[in-house]
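Report on the structure
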Amino acid sequence: MTLLQMLSFADTGWGMALLKAALMTLLLTLAALLIGALVGSVIAAAKLSRRRVWRWLGDAYSILFRGIPELLLIYLFYFGGASVVSAAHHWLGGDGYVDVPPFLVGAIAVGLISASYQAEVYRGAFIAVAKGELEAALAIGMGRAMRIRRVLMPQIWRYALPGLGNVWQMSLKDSALISVIGLVELMRASQVAAGSTHQYFTFYIVGGACYLILTGLSGRVFNFAEARVQRTQRRNPAQS
Amino acid sequence: MSTHVQAALSVANIHKAFGAAQVLKGISLDAHKGDVISILGASGSGKSTFLRCINLLETPDEGRIVLDGETIEMKRHRDGRLLPGSNRQVEAMRSKLGMVFQSFNLWSHMTVLQNVIEGPMRVLKRARAECVEEAEHLLHKVGLYDHRDYYPAHLSGGQQQRVAIARALAMNPQVMLFDEPTSALDPELVGEVLRVMRALAEEGRTMLVVTHEMGFARHVSNRVVFMQGGQIDCEGTPSELFEGLPTERFRQFVSSHQQRNHE
Amino acid sequence: MIDFAFMSDTLLKLLGALPTTLTLFFSSLALGLLLALVVVAMRVSRWPLLSYPARFYIMLFRGTPLLIQMFLIYYGLGQFPAVRHSVLWVVLKSPYGCAVISLALCTAGYTAEIIRGGLQSVPRGQIEAGQAVGMSRWTLLWRVIGPITLRQALPAYSTEAVLLVKSTALASLVTVWDVTGVAQQIIQRTYRTMEVFICAALIYLVLNFLVVRAVAWVEHRLSPHLRERPLGAPGKPTPETAPHS
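Residues numbered from 1 in each chain as written. Chains lettered and ligands numbered in written order. Predicted model: local features only at pLDDT ≥ 70, side-chain atom pairs only at ≥ 80, totals over all residues. Heavy atoms only, no water.

Definition in use: UniProt positions are given in the numbering used here, feature names are shortened, and annotations may be inferred rather than shown by experiment.
As recorded in an unreviewed UniProt entry, chain B goes by ATP-binding cassette domain-containing protein and comes from Pseudomonas typographi. As recorded by UniProt, the Subcellular location (unreviewed entry) comment attached to chain B reads in full: "Cell inner membrane".

Chain A is annotated in an unreviewed UniProt entry as ABC transporter permease subunit from Pseudomonas typographi. Recorded under Sequence similarities (unreviewed entry), the UniProt text for chain A is reproduced unchanged: "Belongs to the binding-protein-dependent transport system permease family. HisMQ subfamily."

Digging into the nonpolar core
What counts here: We call a set of buried Ala, Val, Leu, Ile, Met, Phe, Trp, Tyr and Cys residues a nonpolar core when their side-chain atoms join them within 4.5 Å. Note on exposure labels: buried denotes an accessible area under 20% of the residue type's maximum, exposed denotes more than 50%, and partly exposed covers the range between, all computed with a 1.4 Å probe on protein chains only. The helix and strand labels rest on DSSP assignments: H or I over at least four residues marks a helix, E over at least two residues marks a strand, and numbering proceeds from the N terminus. Contacts between residues were defined by any pair of non-hydrogen atoms, one from each residue, lying within 4.5 Å.
Core analysis: the biggest nonpolar cluster contains 109 residues, and L72(A), L186(A), M187(A), L14(C), L170(C) and V179(C) have the highest contact counts within it. Among the elements that take part in this core, helix α5 (residues 102-139) of chain A stands out by supplying 15 residues, more than any other. The residues touching L14(C), leaving out its near neighbours within four places in the chain, are V179(C), V182(C), A183(C), I186(C), V196(C), C199(C), A200(C) and I203(C).

Brief notes about the sheet that holds strand β5 (residues 70-71) of chain B
Residues and elements named next belong to chain B. The test is simple: Should DSSP find at least two bridges between two strands, the strands are taken to pair. Note on geometry: axes are lines fitted to C-alpha atoms, helical ones only across the stretch in contact, with angles between N-to-C directions running from 0 to 180 degrees.
Spatial ordering of the open sheet is given by β2-β1-β4-β5, a layout of 4 strands whose pairing is antiparallel. With one partner strand each, in any of the chains shown, β2 (21-31) and β5 form the two edges of the open sheet. As judged from the 5 bridges shared by strand β1 (residues 9-18) and strand β4 (residues 62-67), these two strands associate in the antiparallel manner. Bridge pairing in β4 links H15 to E62. Across the face of the sheet, helix α1 (residues 47-54) comes into contact with β1, β2 and β4 while running at roughly 120° to β1.

A closer look at the arrangement of the chains
If you rank the 2 pairs of chains in contact by how many contacts each has, first place goes to chains B and C. Spatially, chain A is disjoint from chain B: no contact exists, and the shortest C-alpha separation is 26 Å.

Describing the sheet that holds strand β11 (residues 223-228) of chain B
Residue and element names in this part refer to chain B. Here 6 strands make up an open sheet; going across it, the order is β8-β9-β10-β3-β11-β12 and the pairing mixed. Each edge of the open sheet is held by one strand with a lone partner, namely β8 (97-100) and β12 (231-236). Within this sheet the neighbouring strands show an average axis-to-axis angle of 20°, counted without direction. The sheet contact formed by strand β9 (residues 175-179) and strand β10 (residues 207-210) spans 4 bridges and is parallel. For M176, the partnering residue across the bridge sits in β10 and is M207. Its contacts with the sheet place helix α6 (residues 187-203) against β3 (36-41), β9 and β10, and it is angled at close to 150° to β10.

Below you can see the structure in the form of structure tokens.
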């Protein structure tokens, strides 16, 4: 088979499979980003808390999720998740071993790792806003809710976007690890294609190129978004 | 200017442009041994650029530099710019010119003593013990011997500038170049640096000083050069200039600078 | 509830794989640093024929997952008879060799950018001061630019070293029996995920803690100028010690 035939979108080629897999990678990363945003902002709030217990918990989360290999965490969620689900299944009267959906496990695992990095991004952005603008809002007597809605929320994105871009790229690459639990995303699809055609080199190069396109394009999207946020900030200098 | 006495430093016809902006339009200057020349001028007149062209921190587009009878070789690049002909010669020339910067530029990772001995040891390849002895002597002279193990971050601006002067002196330069040495200092720290510079002048050091300190120009230097728009507007002894006020521009410049005198 | 006998048995088994993880880490760290120095030297070159390949290298290795790089080297290169018959095959035929090479190639891309950041932070004035005393380019690099760059780059390098420790876990996917590989094996045999995970995680956390402390120690040693003033020397930096002459 020629290279073009192998990569074609027809039934005999792997083009369609790779395209679907690339979409799966994007979807997984997006889900992880959202989970990470949710958990990450909670962790950021904990780190910024005045209560020492919360700060301690926030720091512990960071140390664990940034210090343990991603692969090990994925194993924990996959095998651990399966045991928990099976136990629940037994308790409800079922029997046998129940698998957990790999997409869910992957999104949670990559998402929780992403959360530990996103927390740092949000914390930094909060401090940056708090230093100037939030104090200004306090000075003119804005209430807490208004401060958050009128000053913090619009401003925090400006400071958080560059960091979020980096976290996104990181999650995109981490998502490749979900291939080990059988989710057919880009990495797994490349593996399957490489294995069944014995064209390992070709398909890992093609897979790598797809990742490059994804990271390159999403880098552009983030740059564009950053430029947008900066511009609107300049257009409305007075937020209060 | 007498031509049979060789100048310690002679620069001729220096031109320099940054993009479309013509910053230096043909400056020539001779410094004889023991001369203390103050270079005055409003900001943007090109006086700092001129000083930086002398030791080739900026490469002039045109011009000739002769240090102690030795002409610095320049070659012309394909696109018309001048480039130093030999790095070796430029390095040797720079080691004979002491430079003191506006923002001190002490090496932040070295102590005061290390800053002073670095040049003699690494460039002049002299023995360490000899360099340390010399450096300690110089640090005594600028009043910072007790601070020899401090790092620059632990010193005030005035102290850093005095170290920078000692660092330049340690190379035993033939000419000292001062690029606005007191402009970055708090007013109360200017005096200590000017006192050191005055002492050097009295020792007979050859010095080129770009400055805003009218008192220094008037009372310490033996020649004053006033630059305006990338050219020399007028020059002469301090009394010729400050009492004669030869040009309208210089008169305006003097009257707009309240005569500060730190002595 | 906790089976201490099983835990200690697992911990011992995992510690048996620790030397593999450690040598993976140190050899790819050293190799990656060397490579990064070459890449960054090319990257900051004014000559486009050098700087563009370096840019491409950095984009390639930072823009794709390490796993696919590792698989490409382990499975992909062996596909070519030319590679199998070359001297490189001595290294490339072993999973361990492939793991070290791909870890080093990948970390070199990130490290090059870290070093470049450090280079850019060297104050222009301190370089000019070196030029002004007549330092040659090598003296300047060795005495001024190098030390300042090193100090500036260390915090980021510490983060990169931690990422590299974690990345060594991927070697288990090309059949290197490192800590993660052995952990995965035990999990699949015993289904006691939590206990095995705790033991393995503990090993990596301690390892990362030591890496961070080691780099912080080097950083501390290299930045006496950011610490307190030397003891015994006169007090505040005031102009009280006026020039003598």
